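Listed below, chain by chain, are the residues.
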Amino acid sequence: MALRRWAQTFAGGQFASGMARLNARHPWSHNDHFHAWILANIPARRGVALDVGCGRGELLAALSPYFVTVQGNDIDAGMREKATARCTGLSNVTVRGGDWTDAPGPVDAVTMIAVLHHLDAAAALQHVRRILAPGGRFLAVGLARPVSAVDHLWDLASTVTNPMIGYVKHPWPAAGKPQPAPFPVRDPTMSFDELKKTVVEVMPGAVMRHHLAFRHTILWTKPA
Ligand SMILES: C[S@@+](CC[C@H](N)C(=O)[O-])C[C@H]1O[C@@H](n2cnc3c(N)ncnc32)[C@H](O)[C@@H]1O
């Protein structure tokens, strides 16, 4: 709260607009940044992977070499078109619309990047638990509403490191104005602690961690 109050002051406003200018000069995808984490944690059995809310299909393409079949689902027709175009030539990738819970299981991995807060979290987690094969893995990268002091400290650390990471990834300033988000977005309503309570109720033993880039990760392996 103190951070939010400070951000509303003149000094806070100056700091925020300076940061926004820096970030626009060195933009980077906070979602694609976590592909390395997902690829480092894919399960041993790699038959079918389902990426829910696949957006432009970048993760589908990244998963393609590792799974026999990669299924992408997105509610948005424009996103499905982009994902299909992105995965042209990747014969093991399919992109579908419709209700993602209609996808037949079992699957070896379910991935979600910046998607769980678009869904009813408890219902979505229960469905993931149902369709995962024994030994299958849920790998999610999410956003939560900052509420606790710990959440705000992670937000502050993410704010400060954001332009540094951007500078390392893209040392040369980007031309043009800041671009709008390239996919449908929604503000998270659940806090990290609220979501964690739901996650461990549905998926006992799940590991949920804060990260920089205003994101957290959830990793759960369905018991064999
Ligand atoms: C913030 S974007 C993230 C896209 C992608 N996962 C990425 O890493 O760039 C959220 C995506 O979830 C999709 N989405 C939202 N609700 C959905 C639902 N009920 N079923 C499937 N996709 C959904 C949106 O259309 C959007 O493409």
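Let us look at the structure shown here. For clarity, every value in this text was computed on a predicted model and none was experimentally measured.

A short note on the environment of S91
Locating S91 in the fold gives a position in the loop between α5 (77–86) and β3 (93–96). Look at S91 and you get exposed, because its relative accessible area is 78%. Distance in space between the C-alpha atoms of S91 and V70 is 9.4 Å, their sequence separation being 21 residues.

What to know about the sheet that holds strand β7 (residues 215–221)
Whether parallel or antiparallel, the strands of a sheet pair through hydrogen bonds between backbone atoms. Taken in spatial order, the seven strands of this open sheet run β3-β2-β1-β4-β5-β7-β6, and their pairing is mixed. At either margin of the open sheet sits one strand with a lone partner, and together these are β3 and β6 (207–211). This sheet shows a mean twist of 15° between the axes of neighbouring strands, independent of strand direction. On top of the sheet, helix α6 (residues 121–131) reaches β1 (48–52), β4 (107–113), β5 (132–142) and β7; it is set at about 145° to β5, its chief contact.

Comments concerning the site of the ligand
The local shell around the ligand holds 17 residues, among which G53, D74, I75, I113 and F183 are the closest. In this structure, an oxygen atom belonging to the ligand sits 3.5 Å away from a side-chain N or O atom of N31. Interatomic distance of 2.9 Å between a backbone N/O atom of I113 and a nitrogen atom of the ligand. In terms of residue class, the shell around the ligand is built from ten nonpolar, five polar and two charged.

Some remarks on the nonpolar core
In terms of nonpolar packing, the biggest core is built from 27 residues, with V110, M112, L116, V128, F138, M203 and I218 touching the most fellow members. Elements with a contribution of two residues or more to this core: β1, β4, α6, β5, α8 (192–202) and β7. At five residues, the largest contribution of residues to this core is made by α6. The contacts of M203, once residues within four sequence positions are left out, are L125, V128, R129, F138 and W220. One finds I38, A61, C87 and I113 within the second-largest nonpolar core, a separate group that totals 22 residues.

What counts, and where the lines are drawn
- Residues numbered from 1 in each chain as written.
- Predicted model: local features only at pLDDT ≥ 70, side-chain atom pairs only at ≥ 80, totals over all residues.
- Heavy atoms only, no water.
- Helix = DSSP H or I, 4+ residues; strand = E, 2+ residues; numbered from the N terminus.
- Buried < 20%, exposed > 50% of the residue type's maximum accessible area, 1.4 Å probe, protein only.
- Pairing = 2+ DSSP bridges.
- Axes fitted to C-alpha atoms, helices over the stretch in contact; angles between N-to-C directions.
- Contact = heavy atoms within 4.5 Å.
- Near = heavy atom within 4 Å.
- Polar contact = N/O pair within 3.5 Å; in protein donor to acceptor, adjacent residues only side chain to side chain.
- Nonpolar A, V, L, I, M, F, W, Y, C, P; charged D, E, K, R; others polar.
- Core = buried A, V, L, I, M, F, W, Y, C linked by side-chain atoms within 4.5 Å.

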